[in-house]
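What the coordinates show
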Amino acid sequence: MKTARLSAVLTRPCLYKLVPGAASMALGSYPLTPKSLSRHSQRAFSSPSGLKDLLWVSEEVSDAVATNKPVVALESTIYTHGFMGKTLAQEHDQLVRSHGGIPAIIAIVDGVPKVGVSHEDIVKMIESGSAVKVSRRDISYLVGMGLTGRKIHGGTTIAGTMLLARLAGIRVFGTGGLGGVHRGGENSMDISADLTELGRTRVAVVSSGCKGFLDLPRTLEFLETQGCLVSTFADGRKGDVDFPAFWARDSGVTSPSTFYTDEEAAAMIFAQEKLNIESGMLIANPISEEYGIPKAEMQSMIEQAVTEALEKGFTGNKNTPFILGRLKELTGERAVVANMALVKSNIIRATKISVELSRMLTSGTSQKLHRNTPILSQRKVSQTKTAHDTSLSSSKQADILVAGSVAIDLNCDYGSIKSGQVEPQRHTSNPARISQSIGGVGHNVALAAHYASSDSEVAFCSLVGDDVAGTSILSTLRSTGLDSTRVKVLTTDEHPNTRTAQYIAVNDGKKDLVIAMADMDIFKDHPLPHHWQSMVAETKPKWLVTDGNWSPEQLRTWLQAGRENKSQVIFEPVSVEKSRGLFCRERGLHKLRIFPDPSVTLASPNQYELAAMHQAAQENDYFESTEWFDIIDSFGMRGARDKFVHIAGQALTDAGVPLQSVQLLPYIPTVITKLGAQGVLMTSILSKDDARLRDRDEEEYILSRAPPTHPSVGGMYMRLFPAAKKVEEVISVNGVGDTFLGVLVAGLAQGGRVDRLINVAQKGAVLSLQWPGSVSPKVATLKQEVLQSAKT
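Report on the accompanying structure. (Residues numbered from 1 in each chain as written. Predicted model: local features only at pLDDT ≥ 70, side-chain atom pairs only at ≥ 80, totals over all residues. Heavy atoms only, no water.)

1. Description of the pattern of salt bridges
Heads up, the condition is: For this analysis, a salt bridge means a side-chain nitrogen from Lys or Arg found within 4 Å of a carboxyl oxygen belonging to Asp or Glu. A run of DSSP states H or I qualifies as a helix once it reaches four residues; a run of E qualifies as a strand once it reaches two. Both are numbered from the N-terminal end. For every residue, the accessible area (1.4 Å probe, protein chains only) is compared with the maximum for its type, and the residue is labelled buried under 20%, exposed over 50%, or partly exposed between those bounds.
Under the definition given, this model contains 33 salt bridges. Of the charged contacts in the structure, one is a salt bridge between Arg-136 and Glu-197, with a shortest N-O distance of 2.8 Å. Of this pair, Arg-136 sits in helix 6 (residues 136–147) while Glu-197 sits in helix 9 (residues 193–200); the two residues are 61 residues apart in sequence, bridging distant segments of the chain. Taking relative accessible area as the criterion, Arg-136 reaches 30% and is therefore assigned partly exposed.

2. Concerning a nonpolar patch on the surface
Our working rule: Candidate patch residues must exceed 30% relative accessible area and have no salt bridge, after which like charges are joined if within 9 Å and Val, Leu, Ile, Met, Phe, Trp or Tyr side chains if within 5 Å. The Shrake-Rupley method, run with a 1.4 Å probe, gives the accessible areas here. Residue values count only the displayed protein chains as cover.
Where nonpolar side chains cluster on the molecular surface, the patch consists of Ile-504, Val-514, Ile-515 and Met-517 and spans about 330 Å² of accessible area. Counting residues per element, the nonpolar patch draws most heavily on strand 18 (residues 513–519), at three residues. You can see Met-517 is positioned in strand 18.

3. Some points on the pairing of strand 22 (residues 670–674)
Both faces of the sheet carry side chains from a regular strand, because those side chains alternate between them. For clarity, the cut-off: Being paired, for any two strands, means DSSP has found at least two bridges between them.
Burial analysis of strand 22 places five of its five residues in the buried class, which makes it a mostly covered element. Neither face of strand 22 is open: one carries Thr-670, Ile-672 and Lys-674, the other Val-671 and Thr-673, and all of them are buried. Pairing of strand 21 (residues 602–603) with strand 22 involves two bridges; the strand directions are parallel. Counted as the bridge partner of Leu-602 is Thr-670 from strand 22. Across five bridges, the pairing between strand 22 and strand 23 (residues 680–687) is antiparallel. Looking at the pairing, Val-671 lines up with Thr-683 of strand 23.

4. Examining the sheet that holds strand 13 (residues 407–414)
Our working rule: Only C-alpha atoms enter the line fits that serve as axes; for helices the fit covers just the stretch in contact. Angles between N-to-C directions range over 0 to 180 degrees.
Read across the sheet, four strands follow the order 14-13-17-18 without closing on themselves; strand pairing throughout is mixed. Each edge of the open sheet is held by one strand with a lone partner, namely strand 14 (432–439) and strand 18. Strand-to-strand twist of the sheet, defined as the mean angle between neighbouring strand axes without regard to direction, takes the value 15°. Relative to strand 14, strand 13 runs antiparallel, the two being bridged by eight bridges. Looking at strand 14, one finds that Cys-412 is bridged to Ile-434.

5. Points about helix 16 (residues 441–452)
For the record, the criterion: A helix is expected to span 1.5 Å multiplied by its residue count minus one.
With 12 residues, helix 16 extends 16 Å between its outermost C-alpha atoms, agreeing within 8% with the 16 Å of an ideal straight helix rising 1.5 Å per residue. Where burial is concerned, most of helix 16 is hidden: 11 out of the 12 residues are buried. Restricting attention to buried positions, one finds in helix 16 the residues Val-441, Gly-442, His-443, Asn-444, Val-445, Ala-446, Leu-447, Ala-448, Ala-449, Tyr-451 and Ala-452.

6. Quick look at the pairing of strand 11 (residues 281–284)
Taking every second residue as pointing to the same face, both faces of strand 11 are buried, with Met-281 and Ile-283 on one and Leu-282 and Ala-284 on the other. Pairing of strand 9 (residues 229–233) with strand 11, which is carried by four bridges, proceeds in the parallel orientation. Residue Val-230 lies in a different strand from strand 11, and its bridge partner there is Leu-282.

7. Let's talk about the nonpolar core
Using the following cut-off: For the purposes of this section, nonpolar cores are sets of buried Ala, Val, Leu, Ile, Met, Phe, Trp, Tyr and Cys residues that join through side-chain atoms within 4.5 Å. When checking whether two residues touch, look at their non-hydrogen atoms; a contact exists if any pair is within 4.5 Å.
Formed by 97 residues in total, the largest nonpolar core has its most connected members in Val-115, Ile-170, Trp-247 and Leu-327. Per-element accounting of this core gives the leading share, 11 residues, to helix 14 (residues 334–362). Residue contacts for Trp-247: discarding those within four places in its chain leaves Phe-213, Ile-287, Gly-292, Ile-293, Met-298, Leu-324, Leu-327, Ala-335, Ala-338, Asn-339 and Leu-342. One finds Ile-594, Leu-610, Phe-623 and Met-718 within the second-largest nonpolar core, a separate group that totals 61 residues.

8. Thoughts on the sheet that holds strand 12 (residues 400–403)
Here 10 strands make up an open sheet; going across it, the order is 16-15-12-19-20-21-22-23-25-24 and the pairing mixed. Edge strands, defined here as strands with exactly one partner in the open sheet, are strand 16 (487–490) and strand 24 (702–705). Pairing analysis gives five bridges linking strand 19 (residues 543–547) to strand 20 (residues 568–572), with the strands arranged parallel. Across the sheet, residue Asp-547 finds its bridge partner in strand 20, namely Glu-572. Across the sheet, helix 23 (residues 640–648) touches strand 23, strand 24 and strand 25 (713–721), and the angle it forms with strand 25 is around 40°. Contacts between helix 25 (residues 657–664) and the sheet are confined to strand 22, strand 23 and strand 25, with strand 23 contributing the most and set at about 30° to the helix.

9. What to know about unusual backbone geometry
Following Phe-595, the chain continues to Pro-596 via a peptide bond in cis, the omega torsion being 20°. Although it is not a glycine, Asn-68 sits at a positive phi angle of roughly 60°. Turning to its location among the elements, Asn-68 is positioned in the loop between helix 2 (59–66) and strand 2 (71–74). With phi around 60°, Lys-566 is a residue other than glycine that occupies positive phi space.

10. Here's the deal with helix 26 (residues 736–749)
When the terminal C-alpha atoms of helix 26 are compared, their 20 Å separation across 14 residues agrees well with the 20 Å that a helix rising 1.5 Å per residue should span. Among the 14 residues of helix 26, 13 are classified as buried, and the element is accordingly described as predominantly covered.

11. Focus: the packing of helix 12 (residues 295–311) against helix 13 (residues 319–331)
Heads up, the rule is: Convention used here: angles under 35 degrees read as roughly parallel, angles over 145 as roughly antiparallel, angles from 65 to 115 as roughly perpendicular, and any remaining angle as oblique. Crossing handedness follows the turn of the near helix against the far one: under a right angle anticlockwise gives a left-handed crossing, and clockwise gives a right-handed one.
Between helix 12 and helix 13, whose axes approach to 9 Å, the crossing angle comes to 135°. Taken as axis vectors, helix 12 and helix 13 run oblique relative to one another. For the pair helix 12 and helix 13, the sense of crossing is right-handed. Facing helix 12, whose interface residues are Met-298, Met-301, Ile-302, Gln-304, Ala-305, Val-306, Glu-308 and Ala-309, helix 13 presents Asn-319, Phe-322, Ile-323, Arg-326, Leu-327, Leu-330 and Thr-331.

12. Observations concerning the packing of aromatic side chains
Here is the rule we go by: Aromatic pairing here means that ring centres of Phe, Tyr or Trp (its six-membered ring) are within 6.5 Å. Orientation follows from the plane angle: under 30 degrees is stacked, over 60 is edge-to-face, and everything else is tilted. Throughout this description, the term charge over a ring refers to an Arg CZ or Lys NZ atom that lies within 6 Å of the ring centre and within 35 degrees of the ring normal.
For the structure on display, the rule yields 12 aromatic pairs. Between Phe-523 and Trp-550, the ring centres sit 5.5 Å apart and the planes meet at 80°, which makes this aromatic pair edge-to-face. Here Trp-550 lies in the loop between strand 19 and helix 19 (552–564) and Phe-523 lies in the loop between strand 18 and helix 18 (529–539), a separation of 27 residues in the sequence. Owing to a relative accessible area of 0%, Phe-523 belongs among the buried residues under this scheme. A residue is classified by how much of its surface remains accessible, and Trp-550, at 3% relative accessible area, is buried. By the ring-pair criterion, three or more aromatic residues cluster together here, those being Phe-523, Trp-532, Trp-550 and Trp-558. The side chain of Arg-349 reaches across the aromatic face of Phe-233, ending 3.8 Å from its centre. A cation over a ring is seen here: Arg-692 above Tyr-717, with NZ or CZ 4.8 Å from the ring centre.

13. What to know about the side chain of Ser-634
Rules: In the analysis that follows, any N or O atom pair within 3.5 Å is treated as a polar contact, provided that within protein one partner can donate a hydrogen and the other can accept it, and provided that, for residues neighboring in sequence, both atoms belong to side chains.
On the secondary structure map, Ser-634 appears in helix 22 (residues 626–634). From its side chain, Ser-634 meets the backbone oxygen of Ile-631 in a polar contact 2.5 Å long.

14. Notes on the environment of Pro-573
The residue Pro-573 is located in the loop between strand 20 and helix 20 (576–579) in this model. Judged by relative accessible area, Pro-573 falls into the buried class, the value being 0%. Pro-573 sits 37 residues away from Leu-610 along the chain, and the two C-alpha atoms are 8.6 Å apart. Dropping the residues within four chain positions of it, Pro-573 is found in contact with Gly-548, Lys-578, Ser-579, Ser-604, Pro-605, Glu-609 and Met-613.

Below is the structure:
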């Protein structure tokens, strides 16, 4: 859902989007001058919503808030005023996404308050070197200056982030440590604005308590006076627990209340909102034992740092920076490591709570939360029903149905401390950067198609186990907008020892894949032919995409279901080994049909998968049928090698790529071979009425023409598309080919032609190359280009 815009109100040169729930007036694209200011100021500021009218919210966040998806607010001072801001922002963004949430970094960019700030904006703010810290009191100043042409960057503090998050409708905020009452605050009145913000702004803040050098008893007393609920996550402890002191799990001060699960924390937020209690909530998440510094040891160093601050006259806003710097020196970087770890832990906790809150908000009302019914049990029943009961919503028709794998992906990027070392060492532990995300070829293709589609409905069908990984996957699917009702959960009662799929990729120092391990047995061990057939019959997709993770028997079931529904079918091979499944021995299976009525319309192998498919077809006698020879003979391929070299080049011809593609065409009339940095080779059968046979601009790609008397074949088309862009810095190769196919099928579903969509599909692949996860959300920026290419 796109946010509303009004282009006739007082402005700046950028577009402003109206936040959900705000008044129906927003800044558009009108030049700001004193004259225009006077002319439009009454209309712009007569609205009671005030700052809401000036707030910019990204489309992703706006849609998520409007549909109650799990959104997590993130402050920006940690990036603008930290030494690792550029990389940390991306890491935190991916951290939220990998746990099923939607990140919303909040900042003031060029005088514009933004929710859902892009990485490019964060980099711009950091590189400017002029970003200021922004609390509640500073927001109107920066925005007001922006309206008069003075563009100032601002990294929002906890208070500033809370205010803008509330205006945007975001309920949960993950951060590091809260401000508090400073020692002697009863005399100096040195009290953090974070505390008063918690008293008046309904946002749940997840932090590791307050820094230990503050006056914690008075801080909690102040929060009580402000009407702020404070509750600490027990983290395995029983009974009363201490309110955490940032680097230390314990502070010697008992927490006002305790919660034990993410569901309980979400229920508190749910109740606060339903009861319309406007104050905020502080959810204290103690640092883990692994990174925490013992209370006694930490307190000794704090006392030393505080004493030195007083002796040297560091008071007011200079006090905290001095103490933090001194503690860094005294702890020998332990505080820095602990700080990084606790922020990460808090963001994960905030995301999990937000996911649970999203479930509560979308599952109905408080009737779901019975006093004597554990929330966890209720959640499990609800999710199992959603995944199994296809009558709930899976009968809805879709333009694209992707049937394939979904998995937990672990991406291991090798990082040696030795200069110039590229390859990880065998038989020993290697340093690496390991990230987790939701992947699986089918999931990636469906997500990319979902992002790239303007109007087409995308459905996803898969299998997960009744385990933690399966629950995480279902939550993530909901957060991205993919319908999870077609993902079947295999319960442990009916299918014991069933595991949700997992995939581990090990990449070298250049981010090139060294080895990958895939546990995809769930897709081979559980044949459900009638379930899949009914799924296709109910969905009635124009395009059915199936991947090679299915067993050969299940793959034929999908192909037959597509044939019965008259769907166009695409096969994504997945890997060298799994690509062979399409051309298995056919005894007892549905036969693979040949052009002009093929079982498979298009396949998208890479060079090695193409060779494996060709070899399997040859070994299992697919090249021996009369129908196959009839199509091949119609090509009249005399002097084929010279033609292959002219179009595809010497190297690809010597590798057999053009020949293998041509020989598979009777079974797969369009073969798209992905060649990495070399681009894409398209080989296709042209029907007798194909317009390209009569287009002089296409003549160079017409490899051959069939005799006029042939009943179905008009000719053969082969074209090498160069790579869309040379990518200097590759972040992740996982999901790149899947993104390519997802964007391609999004265009096909809108009536596009393959050769006119390949370039924009490659652009989608480039976006995922530069994204830490499998599929970049920026693929959504290609919607209009995909639509335009499809309509050309």
